[in-house]
Amino acid sequence: MKYKAYTLRNFRSIPQFENIPEEVKRNIEVVGSVLPFKVNNYVLDELIDWDNYDSDPIFHLTFPQKDMLVPRHYNKMEEALDNLDNKKEIRQISDNIRRQLNPHPAGQTDKNVPSMNGRSLWGLQHKYREIVLFFPTAGQTCHSYCTFCFRWPQFVGINDMKFAMKESEVLVNYLQNHHEVTDVLFTGGDPMIMKSKVFERYINPILDNIETTNVQTIRIGTKSLSFWPNKFVTDSDADDFLRIFKKIVEKGINLAFMAHFSHPRELETPIVEEAITRLRNTGLQIRTQSPLLQHINNDGDVWADMWRKQVNLNCIPYYMFIARDTGAQHYFAVTLEEAWKTFRKAYQQVSGVCRTVRGPSMSCTPGKVQILGVNEVNQKKVFTLRFLQSRDPEWTGRSFFAEYDKDAIWFDELKPAFDDHFFFEEEEELLVAEE
Ligand SMILES: *Cc1c(COP(=O)(O)O)cnc(C)c1O
Ligand code: SF4
């Protein structure tokens, strides 16, 4: 299958769009002028059920919907498209709306960018002691775009917000100076958008210098298995990729695909099964993760089905995330209590081999916070929370309480249950004061 992409420019020529009402196309045009939009022929032909597109989870995953923008933003954008001819002016309106959608949640632009010799290393993020995120320039796009994505400022080309780095030499240099780092995560966008030749240019310097670092795991965050599994089966460089992965594994490195799957349907095509088998044969591991999203997968049965299918294909369930506070969060949001219920409903109906998954988890400024439960302590209803990861390694694994709030959808709405501050806030202030 040859890759064919559709964006705002040409989506009206999507073959399946013949019987789609004009109103739906109009909504795509308006909302797609703000949020990222790109879809490809694999998603269109193999994943979306066109007879029920309106309620189809993959349609909601990839096509902008009217309610993803609040009415105020929708109207503003529609008015601009109707009345302005000047592309630059239209662009200013959409950029302005984008800036109001919290494009860099959880301190991504400031707190997590490391520096060396007084220079900020854009293209790297180092938030948790043992793992560095690497954003190769050539991986800043995806095979198709998810409408909920918090990486979206990288695709829509607001340049001053773009993280990028040209050479992995800077990464290697950083790793040589930071032996606390055991894991490197290639992320993007989707690093598996790269051709094998380009990927090799990034990976070889790391492999060549691995002995001078403490790197033991290389992870690749990717949605390619959902959006373009052909990458590892029929693309002209599919075998080259397998060879590179094999080479990494044979170096004694734990190579892990952090595969993003949002719905069991993404695991059901013959080609994704074949891609997984071929990848697993190189010796790499596949771990899976996804956010929990209204309109896409907010159903315990769907997650149980998805985890079971993943394990049957030799993939390891890893994280269930709560949708971040960015972009169209209001559209996808699930309350914290509901997220916990959905997680439990799924967790209870699978066996222990699927329960390697952790969640529901929020990636927020102090760390990854898991909702362990809704409990009553001293006659007070509380959320029991726990750090799965934290900015200060001392906090990891610690649990704490927040006041129960039936409407809360994100961490920053929570208040300490028994204190005037959370235990980590005191230390956070100290940290800030030191800087
Ligand atoms: C989730 C995350 C990681 C990876 O954390 P693990 O728990 O080791 O999977 C690394 N960096 C950032 C910024 C993250 O949000
Ligand atoms: S594949 Fe990943 S980075 Fe790309 S749009 Fe989807 S969530 Fe975002």
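To start, this report covers the structure provided alongside it. (Residues numbered from 1 in each chain as written. Chains lettered and ligands numbered in written order. Predicted model: local features only at pLDDT ≥ 70, side-chain atom pairs only at ≥ 80, totals over all residues. Heavy atoms only, no water.)

As for the overall build of the chain
Then, number 1: Assigned secondary structure in the chain consists of 14 helices and 15 strands.
Then, number 2: For 435 residues, the compact-globule estimate of 2.2 N^0.38 gives 22 Å, and the C-alpha radius of gyration of the chain, at 22 Å, lies within 12% of that figure.
Then, number 3: When the backbone C-alpha atoms are referred to their principal axes, the chain occupies close to 55 × 55 × 50 Å.
Then, number 4: Scored against the burial criterion, the 435 residues of the chain give a buried share of 58%.
Then, number 5: For the chain, the centre of its 52 positive side-chain charges and the centre of its 60 negative side-chain charges are spaced 4 Å apart. (Helix = DSSP H or I, 4+ residues; strand = E, 2+ residues; numbered from the N terminus. Rg over C-alpha atoms; globule rule 2.2 N^0.38 Å. Buried < 20%, exposed > 50% of the residue type's maximum accessible area, 1.4 Å probe, protein only. Lys, Arg positive; Asp, Glu negative; His and termini not counted. Charge placed at Lys NZ, Arg CZ, Asp CG, Glu CD.)

Looking at the side chain of Ser224
Then, number 1: Structurally, Ser224 is set in helix 8 (residues 224-227).
Then, number 2: By relative accessible area, which is 0% here, Ser224 ends up buried.
Then, number 3: At a separation of 2.7 Å, a polar atom in the side chain of Ser224 contacts the side chain of Thr222.
Then, number 4: Leaving out residues up to four positions away in the same chain, Ser224 has contacts with His143, Asp190, Met192, Pro229, Phe232 and Phe257. (Polar contact = N/O pair within 3.5 Å; in protein donor to acceptor, adjacent residues only side chain to side chain. Contact = heavy atoms within 4.5 Å.)

Points about the site of ligand 1
Then, number 1: Surrounding ligand 1, one finds Lys127, Tyr128, Ile131, Leu133, Arg219, Tyr318, Tyr319, Lys368 and Gln389.
Then, number 2: In this structure, Lys368 approaches ligand 1 through a side-chain N or O atom, which is 2.8 Å from an oxygen atom.
Then, number 3: Considered on its own, ligand 1 offers 390 Å² of accessible surface; in the complex 86% of this is hidden by protein.
Then, number 4: Secondary structure elements with two or more residues in the shell around ligand 1: strand 5 (124-128), strand 6 (131-134) and strand 11 (316-322).
Then, number 5: Split by residue class, the shell around ligand 1 holds 5 nonpolar, 1 polar and 3 charged. (Near = heavy atom within 4 Å. Areas by Shrake-Rupley, 256 points an atom, 1.4 Å probe, with all protein chains shown as cover. Nonpolar A, V, L, I, M, F, W, Y, C, P; charged D, E, K, R; others polar.)

Structural notes on the packing of aromatic side chains
Then, number 1: Applying the stated criterion to the full structure yields 42 aromatic pairs.
Then, number 2: Considering the side-chain rings of Phe387 and Phe423, the 6.0 Å spacing of their centres and the 85° angle between planes classify their relative orientation as edge-to-face. With a gap of 36 residues between them, Phe387 in strand 14 (residues 380-390) and Phe423 in helix 14 (residues 423-434) connect regions that are remote in the sequence.
Then, number 3: Three or more aromatic residues joined by ring pairs make a cluster, and in this case those are Phe134, Phe186, Phe199, Tyr202, Phe232, Phe241, Phe245 and Phe257.
Then, number 4: Of note, Lys223 hangs over the ring of Phe227, and the distance from its end group to the ring centre comes to 5.0 Å.
Then, number 5: Its guanidinium or amino end placed over the ring of Tyr318, Arg358 lies 4.8 Å from that ring's centre, counting from NZ or CZ. (Phe/Tyr/Trp six-rings, centres within 6.5 Å; stacked < 30°, edge-to-face > 60°. Lys NZ or Arg CZ within 6 Å of the ring centre and 35° of its normal.)

Examining helix 4 (residues 71-83)
Then, number 1: Between its terminal C-alpha atoms helix 4 stretches 18 Å, which fits the 18 Å expected from 13 residues at 1.5 Å a residue.
Then, number 2: Tucked inside the fold, the buried residues of helix 4 contact helix 1 (22-31) and helix 5 (87-99). (Expected span 1.5 Å × (residues − 1).)

Points about the pairing of strand 13 (residues 367-377)
Then, number 1: When strand 12 (residues 358-363) meets strand 13, the two strands line up antiparallel, connected through 3 bridges. Opposite Ser363, over in strand 13, you have Lys368 as the bridge partner.
Then, number 2: If you look at the hairpin formed by strand 12 and strand 13, you'll find 3 residues sitting between the two strands.
Then, number 3: Of the pairings in the sheet, the one linking strand 13 to strand 14 comprises 10 bridges and is antiparallel in character. Within the sheet, the bridge partner assigned to Glu376 lies in strand 14 and is Lys381. (Pairing = 2+ DSSP bridges.)

Regarding the pattern of salt bridges
Then, number 1: For the structure on display, the rule yields 21 salt bridges.
Then, number 2: For Arg219, the salt bridge is made with Asp183, and the minimal N-O distance between the two is 3.1 Å. Separated by 36 residues along the polypeptide, Arg219 in strand 8 (residues 217-222) and Asp183 in strand 7 (residues 183-186) bring together distant segments of the chain.
Then, number 3: The class of Arg219 is buried, set by a relative accessible area of 16%.
Then, number 4: For Asp183, a relative accessible area of 11% gives the class buried.
Then, number 5: Two residues, Asp239 and Arg278, come together in a salt bridge whose shortest N-O distance is 2.4 Å. Linking Asp239 in helix 9 (residues 238-250) with Arg278 in helix 10 (residues 270-281), this pair joins segments that are 39 residues apart in sequence.
Then, number 6: The class for Arg278 is partly exposed, based on a relative accessible area of 22%. (Salt bridge = Lys/Arg side-chain N within 4 Å of Asp/Glu carboxyl O.)

Observations regarding the pairing of strand 5
Both faces of the sheet carry side chains from a regular strand, because those side chains alternate between them.
Then, number 1: Here strand 5 lies mainly inside the structure; 5 of its 5 residues are buried.
Then, number 2: Sheet topology places strand 5 next to strand 6; 3 bridges connect them, and they run antiparallel. Counterpart to Gln125 in the pairing with strand 6 is Leu133.
Then, number 3: Linking two consecutive strands that pair antiparallel, namely strand 5 and strand 6, is a turn of 2 residues.

Regarding helix 11 (residues 300-312)
In an α-helix there are 3.6 residues to a turn, and that puts residues three or four apart on one side.
Then, number 1: Between its first and last C-alpha atoms helix 11 spans 18 Å; for 13 residues at 1.5 Å apiece the expected length is 18 Å, and the two agree.
Then, number 2: Within the sequence span of helix 11, burial applies to Gly300, Val302, Trp303, Ala304, Met306, Trp307, Gln310 and Val311.
Then, number 3: Elements in contact with the buried residues of helix 11: strand 10 (285-292), strand 11 and helix 13 (336-348).
Then, number 4: You can read the cap of helix 11 off the contacts: a side-chain oxygen lies 2.8 Å from the backbone nitrogen of Asp301, and it is on Asp299.
Then, number 5: Where helix 11 ends, the next residue or the one after it, Asn314, has phi of about 70°, a positive value.

On their own, these measurements won't tell you what the molecule is for.
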